[in-house]
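# Architecture at a glance
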Amino acid sequence: MPSELERLYDEHAQALFAFLLNFTRDESDTRDVLQEIFIKLARQPDLLTSARDERPFLLRLAHNAAIDLMRRRGTRAKHHEQFGAEQLAAFAPTDDPDEAAFRTELATALCDLPADQRAVVHLKLWSGLTFEEIATTLEIPLNTAASRYRYGLDKLRTRLRPLYEEIKKAE
Amino acid sequence: MMNDETSGTNNEAFEQTLRAQNVRQIPDGWRESILRAAQNASDEDCAQMHPTAIRECPLSFQMILKLWHELILPARRYWAGLATIWVSIVILNVSLSDDSHATIATTLPPSELLMAYQQQQQLLAELNGPTGQAAVKPPKQPAPRSRSERHNDISTV
């Protein structure tokens, strides 16, 4: 019978990994933060007792830990944001060349978004959270969550329009 | 309105296309290392709460600790109440014994001491004499003589 920690990892680690990878744009930082979260859960087993829903609570932990890490990294993080994102594979590989090109461009476009818009876009599109849950997770007002998502999506649409139209034509 | 509906449909379609892009899977090797690190951190916290120094203590100290954990701690309120009662009794006892000492100090001396005191009083009375003069006068010094009297003495020698 898996332990409580193993259960939490099996249920939530993938979602946390995807969010952290998109947010930090760095695989080693993602691993550090993920480990930090599970160490915290191991040390404080009652941490989730008061949480109404585990996933948003853990995503909030991840978001706060990632921000702390990025603040500690300081200038190096800014340089990585600018020059290191092109190598990061945030999406799963695919055999379809058009889809592969779209995913690569999407990863780059996400990197160009401000971190706060990128976080909201990811939580809405790939974590399946509602705007209310996003607002709670990121500790921002509901209107702010909605506006950040709208601005971020508009930028992505503008950036990805040519490739998107090609994909639609091919379908 | 048609444009809004078309735009809305396009937005939804665009969102759907983005949502369909599968995010990367977490590497398989991370599970074991992350869970092991978490478990180690938890074990370290437990070790700090129960240091090995206690386990290496002499047997007598371990027995005392065992008695403390098994006998005192489970009924610590009763033990505290008993201790309070005993402390009160001790304080009361000490305060009462101080009072008895003070009482003893004010009682009359023994009969032997009283007789010795009376003898001293009699002796003092005898020394003072019938006039009741308390002080003994020093011997009277002769008054200095005049020169003529001293000359007569010298001439007769």
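Throughout what follows, the structure given in this document is the object of discussion. In this text, all values refer to a predicted model and were calculated from it rather than measured experimentally. (Residues numbered from 1 in each chain as written. Chains lettered and ligands numbered in written order. Predicted model: local features only at pLDDT ≥ 70, side-chain atom pairs only at ≥ 80, totals over all residues. Heavy atoms only, no water.)

Let us look at the interface of chain A and chain B. In many reports, interface size means the accessible area that the parts give up when they come together. Each partner contributes to the interface: chain A provides 37 residues, whereas chain B provides 26 residues. Buried area between chain A and chain B, summed over both chains or domains, comes out near 3100 Å², and the portion from carbon and sulfur atoms is 61%. One can count two salt bridges joining chain A with chain B. Residue Arg24(B) is joined to Glu27(A) by a salt bridge in which the shortest nitrogen-to-oxygen separation is 2.8 Å. Linking chain A with chain B are 15 residue pairs in polar contact (both at pLDDT 80 or more). Here the side of chain A that touches chain B is composed, by residue class, of 23 nonpolar, four polar and 10 charged. (Contact = heavy atoms within 4.5 Å. Buried area = accessible area lost by both parts, 1.4 Å probe. Salt bridge = Lys/Arg side-chain N within 4 Å of Asp/Glu carboxyl O. Polar contact = N/O pair within 3.5 Å; in protein donor to acceptor, adjacent residues only side chain to side chain. Nonpolar A, V, L, I, M, F, W, Y, C, P; charged D, E, K, R; others polar.)

Attention shifts here to the environment of Thr136(A). Residues and elements named next belong to chain A. Relative to the helices and strands, Thr136 is located in helix α7 (residues 131-138). With relative accessibility at 45%, the residue Thr136 sits in the partly exposed group. Separated by 76 residues in sequence, Thr136 and Arg60 place their C-alpha atoms 8.1 Å apart. (Helix = DSSP H or I, 4+ residues; strand = E, 2+ residues; numbered from the N terminus. Buried < 20%, exposed > 50% of the residue type's maximum accessible area, 1.4 Å probe, protein only.)

Next up on the list: helix α8 (residues 142-170) of chain A. Where α8(A) bends most, at Arg161(A), the angle is about 65 degrees, and the proline Pro162(A) comes one to four residues later. Inspection of α8(A) places Ala145(A), Ser147(A), Tyr149(A), Gly152(A), Leu153(A), Leu156(A), Arg157(A), Leu160(A), Tyr164(A) and Ile167(A) among the buried residues, and these make up the whole buried set. (Bend = angle between axes of the 7 residues up to and from the residue.)

Attention now goes to the packing of aromatic side chains. Evaluation of the coordinates by the stated rule reveals six aromatic pairs over all chains. Consider the rings of Phe17(A) and Trp30(B), whose centres lie 5.3 Å apart with planes at 85 degrees: the pair is edge-to-face. Of the two residues, Phe17(A) is situated in helix α1 (residues 4-24) and Trp30(B) in helix α2 (residues 29-49); the pairing between them involves two chains. For Phe17(A), a relative accessible area of 0% gives the class buried. Judged by relative accessible area, Trp30(B) falls into the buried class, the value being 6%. The aromatic ring of Tyr151(A) is capped on one face by Arg150(A), whose charged end is 5.8 Å from the ring centroid. (Phe/Tyr/Trp six-rings, centres within 6.5 Å; stacked < 30°, edge-to-face > 60°. Lys NZ or Arg CZ within 6 Å of the ring centre and 35° of its normal.)

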